[in-house]
Amino acid sequence: MSVLNDFLLENADVTIQEVEVPVSTRFRDKDGNLLKFKIRPMSGEDFGKYQKQCTSISINNRKKETQFDSGKFNMMCIVNHCVDPSFKDAEFLKKLGVQTPEQAASKVLLAGEIVELSSQISSISGFDTDINEEIEKAKN
């Protein structure tokens, strides 16, 4: 086996790492300290599932058109990969007076905060990594 195979076997569970990230300056405690959201990365399997659920195909004038619902994708990332707060927590939903995790997130987050939180989840899932930039850093 190769060194890369060994590495992948030792690091097979990519979803266990959790990270705390700031989302907005709006979230502050009583002392003015910035509050952070605890998130976890999505796996390739999660990404594929969300992509499939957020893509629709329609036929217009005998032409297939593919549409991707980025808002739904962002919400799926948040609901499924935000650890704290947990938008799936039944008590949290009840106190907010909503039925679904999506309604909870929409009620407590501004539009830009939804995009930022989803972006942070995507980032720790490897979407903001520029391999060429990392190669240049390694050379220097």
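### Quick notes on the sheet that holds strand β5 (residues 82–84)
Working step 1: The strand order across the open sheet formed by 3 strands is β1-β2-β5, and the pairing between neighbours is antiparallel. Here the strands that pair on one side only, and so sit at the sheet edges, are β1 (19–22) and β5. On average, each strand axis in the sheet is inclined to that of its neighbour by 45°, with strand direction left out of account.
Working step 2: Of the strands in this sheet, β1, β2 (36–39) and β5 touch helix α6 (residues 111–127), which is tilted by about 45° from β2.

### Digging into the packing of helix α3 (residues 70–81) against helix α5 (residues 101–108)
Working step 1: Running from N to C, α3 and α5 point in directions that differ by 100°, and their axes come no closer than 10 Å. In this view, α3 runs roughly perpendicular relative to α5, as classed from their interaxial angle. On α5, the residues that touch Met 75, Ile 78 and Val 79 of α3 are Pro 101, Glu 102, Ala 105 and Ser 106.
Working step 2: Considering only residue class, the contact of α3 with α5 consists of 5 nonpolar, 1 polar and 1 charged.

### Some details on the packing of aromatic side chains
Working step 1: Going through the model one piece at a time under the given rule, you end up with 6 aromatic pairs.
Working step 2: Each ring, one from Phe 47 and one from Phe 73, has its centre 5.8 Å from the other, and the planes form 85°; the classification is edge-to-face. Within this pair, whereas Phe 47 is found in helix α2 (residues 44–53), its partner Phe 73 is found in helix α3, the two being separated by 26 residues in sequence.
Working step 3: Phe 73 gets classed as buried once you look at its relative accessible area, which sits at 8%.
Working step 4: Between the aromatic rings of Phe 87 and Phe 92, the centroid separation amounts to 6.0 Å while the plane-to-plane angle is 65°, which identifies the pairing as edge-to-face.
Working step 5: Aromatic rings pair up to connect Phe 47, Tyr 50, Phe 68, Phe 73 and Phe 127 into one cluster.

### Thoughts on the pairing of strand β3 (residues 55–60)
Working step 1: Bridging between β3 and strand β4 (residues 63–68) involves 6 bridges; their strand directions are antiparallel. Paired with Ile 57 across the strands is Thr 66, a residue of β4.
Working step 2: In this structure, the hairpin formed by β3 and β4 is closed by a connection of 2 residues, where Asn 61 is found at a positive phi of approximately 50°.

### Considering the side chain of Glu 113
Working step 1: As for its position among the elements, Glu 113 is in helix α6.
Working step 2: Within the local environment of Glu 113, its side chain forms a polar contact with the side chain of Ser 24, the two groups lying 3.0 Å apart.
Working step 3: Within polar-contact distance, the side chain of Glu 113 engages the side chain of Arg 26 at 2.8 Å.
Working step 4: With sequence-adjacent residues up to four places away left out, Glu 113 is seen in contact with Val 23, Ser 24, Arg 26, Phe 27 and Val 108.

Procedures and definitions
Residues numbered from 1 in each chain as written. Predicted model: local features only at pLDDT ≥ 70, side-chain atom pairs only at ≥ 80, totals over all residues. Heavy atoms only, no water. Pairing = 2+ DSSP bridges. Helix = DSSP H or I, 4+ residues; strand = E, 2+ residues; numbered from the N terminus. Axes fitted to C-alpha atoms, helices over the stretch in contact; angles between N-to-C directions. Contact = heavy atoms within 4.5 Å. Parallel < 35°, antiparallel > 145°, perpendicular 65-115°, else oblique. Nonpolar A, V, L, I, M, F, W, Y, C, P; charged D, E, K, R; others polar. Phe/Tyr/Trp six-rings, centres within 6.5 Å; stacked < 30°, edge-to-face > 60°. Buried < 20%, exposed > 50% of the residue type's maximum accessible area, 1.4 Å probe, protein only. Polar contact = N/O pair within 3.5 Å; in protein donor to acceptor, adjacent residues only side chain to side chain.

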